[in-house]
Amino acid sequence: MASAVAGPEIERLIQLLARLPGLGPRSARRAALHLIKKREQLMVPLASALEAASEKITVCRVCGNIDSQNPCTVCTDPRRDPSVIVVVADVADLWALERANAVSARYHVLGGTLSPLDGVGPEDLTIEQLVNRVHSGDVKELILALSATVDGQTTAHYITDLVASSGVKVTRLAHGVPVGGELDYLDEGTLAAAIKQRLPL
Ligand code: ZN
């Protein structure tokens, strides 16, 4: 085993950083060194931001989003259309859609997708809360923004069946050619979906 190059505080910092997604041991060492060099400008503010966030972060009781207020910033934003709910598997998907700035609606975070193989059933997700929201009377459209994977589509069909009697319009994201994408580089599944779901110009 390699001998430690620094004291236990720095080694602990490196070990914790290495647990972050996208960071391995090498990049964790680089990040730690960067923090140490930028102690006043970065390390101290980061430490207090982490402390403040870890004290205040909660899960929104309405939509399952993560925020420092409950109900969350999205649920309490009066400019958003409350009649449209975008259903996502994870908070990361909500953030991605918000970055795209394409829809001004409310969200519902399921907490994952149905996966019989991994033992994830409806009771492990916030599906019941979603159905309750749909039946609350204010909702006119559910946009199922779920991954184009077997689990994502299984989840989409399950939810569609559950809310079928409510009269709420259920839509899903289009599958097809990415913006700026060249046809020659697409896989057959994506091309086939794009042809099937072609739109009039
Ligand atoms: Zn919320």
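Whatever comes next refers back to the structure up there.
So, here's what we can say about the structure. (Residues numbered from 1 in each chain as written. Predicted model: local features only at pLDDT ≥ 70, side-chain atom pairs only at ≥ 80, totals over all residues. Heavy atoms only, no water.)

Digging into the overall build of the protein
Our working definition: Think of it this way: any DSSP run of H or I at least four residues long counts as a helix, any run of E at least two long counts as a strand, and we number them from the N terminus. In this treatment the radius of gyration is a C-alpha quantity, and the globule benchmark scales as 2.2 Å times the residue count to the 0.38 power. Burial here depends on accessible area, computed with a 1.4 Å probe over protein chains only, as a share of the maximum for the residue type. Under 20% is buried, over 50% is exposed, and the range in between is partly exposed. Residue contacts follow a heavy-atom distance rule, with two residues in contact if any of their heavy atoms lie within 4.5 Å. Using the Shrake-Rupley algorithm and a 1.4 Å probe, accessible areas are obtained, with residue cover drawn only from the displayed protein chains. Charge assignment: positive for Lys and Arg, negative for Asp and Glu; neither His nor the chain ends contribute. Where a charge sits is defined by one atom per residue type, namely NZ (Lys), CZ (Arg), CG (Asp) or CD (Glu).
Counting its regular elements, the protein contains seven helices and six strands. Listing every helix and strand of the protein by position from the N terminus yields α-α-α-β-β-β-α-β-α-β-α-β-α. The C-alpha atoms of the protein give 22 Å as radius of gyration, which overshoots the globular expectation for 201 residues (17 Å, by more than 25%). A principal-axis box enclosing the C-alpha atoms of the protein has dimensions of 60 × 45 × 35 Å. Buried positions account for 30% of the 201 residues belonging to the protein. Considering only contacts within the protein whose residues lie at least 6 apart along the sequence, 45% involve residues at least 24 apart. Working note: accessible area of the protein is about 13,600 Å², and carbon and sulfur atoms make up 58% of it. Distance between charge centres in the protein, computed from 20 positive and 23 negative side chains, equals 7 Å.

With respect to the sheet that holds strand β6 (residues 169–172)
The following threshold applies: DSSP calls a pair of strands paired once it identifies at least 2 bridges connecting them. For every element, the axis is a line fit to its C-alpha atoms; helices are fit only across the contacting stretch, and the angle between N-to-C directions ranges from 0 to 180 degrees.
With parallel pairing, four strands are arranged side by side in an open sheet as β4-β3-β5-β6. With partners counted over all chains shown, the strands left at the sheet margins are β4 (105–109) and β6, one partner each. Taken pair by pair, the neighbouring strands of this sheet meet at an average axis angle of 25°, ignoring direction. Here strand β3 (residues 81–88) runs beside strand β5 (residues 141–144); their pairing, made up of four bridges, is parallel. Each residue of the ladder has a partner; that of V86, found in β5, is I143. On top of the sheet, helix α5 (residues 127–134) reaches β3, β4 and β5; it is set at about 150° to β4, its chief contact. Packed onto the sheet, helix α6 (residues 150–163) meets β3, β5 and β6 and runs at close to 165° relative to β5.

Some details on the packing of helix α2 (residues 25–37) against helix α3 (residues 39–56)
Packed helices, taken two at a time, are described by their axes: the angle between them and the distance between them. Short version of the rule: Angles are sorted into four bins: roughly parallel if under 35 degrees, roughly antiparallel if over 145, roughly perpendicular if 65 to 115, and oblique for all others. When residues are grouped by polarity, Ala, Val, Leu, Ile, Met, Phe, Trp, Tyr, Cys and Pro land in nonpolar, Asp, Glu, Lys and Arg in charged, and all others, Gly among them, in polar.
Close contact between α2 and α3 brings their axes to 6 Å; oriented N to C, the two are set at 110°. Comparing their axes, α3 and α2 come out roughly perpendicular. Contact residues: α2 offers H34, L35, I36 and K37, while α3 offers R39, L42, M43 and L46. Split by residue class, the contact of α2 with α3 holds five nonpolar, one polar and two charged.

Brief notes about the pairing of β5
This is how it is decided: Think of it like this: strands point away, you trace from the first strand over the helix to the second, and a clockwise trace means the crossover is right-handed.
Burial of β5 is two-sided: the residues E141 and I143 facing one way and the residues L142 and L144 facing the other way are all buried. Here β5 runs beside β6; their pairing, made up of four bridges, is parallel. By the bridge assignment for β6, E141 is matched with K169. In this fold, the crossover linking β5 to β6 by way of α6 has right-handed handedness.

Digging into the side chain of R133
The criterion, for reference: Any N or O atom pair separated by 3.5 Å or less is treated as a polar contact, with the protein-specific requirement of one donor-capable and one acceptor-capable atom, and with residues adjacent in sequence counted only for side-chain atom pairs.
Relative to the helices and strands, R133 is located in helix α5. Within polar-contact distance, the side chain of R133 engages the backbone oxygen of Y107 at 2.6 Å.

Structural notes on the packing of α5 against α6
The following threshold applies: A clockwise turn of the near helix away from the far one marks a right-handed crossing, whereas an anticlockwise turn of less than a right angle marks a left-handed crossing.
At a minimum axis separation of 10 Å, α5 and α6 run at an interaxial angle of 40°. With respect to α6, the element α5 is oriented oblique. Of the two possible hands of crossing, α5 and α6 adopt the one that is right-handed. Of α6, the residues touching α5 (which contributes I127, L130, V131 and V134) are Y158, I159, L162 and V163.

Remember that the coordinates give geometry; whether it matters functionally is a separate question.
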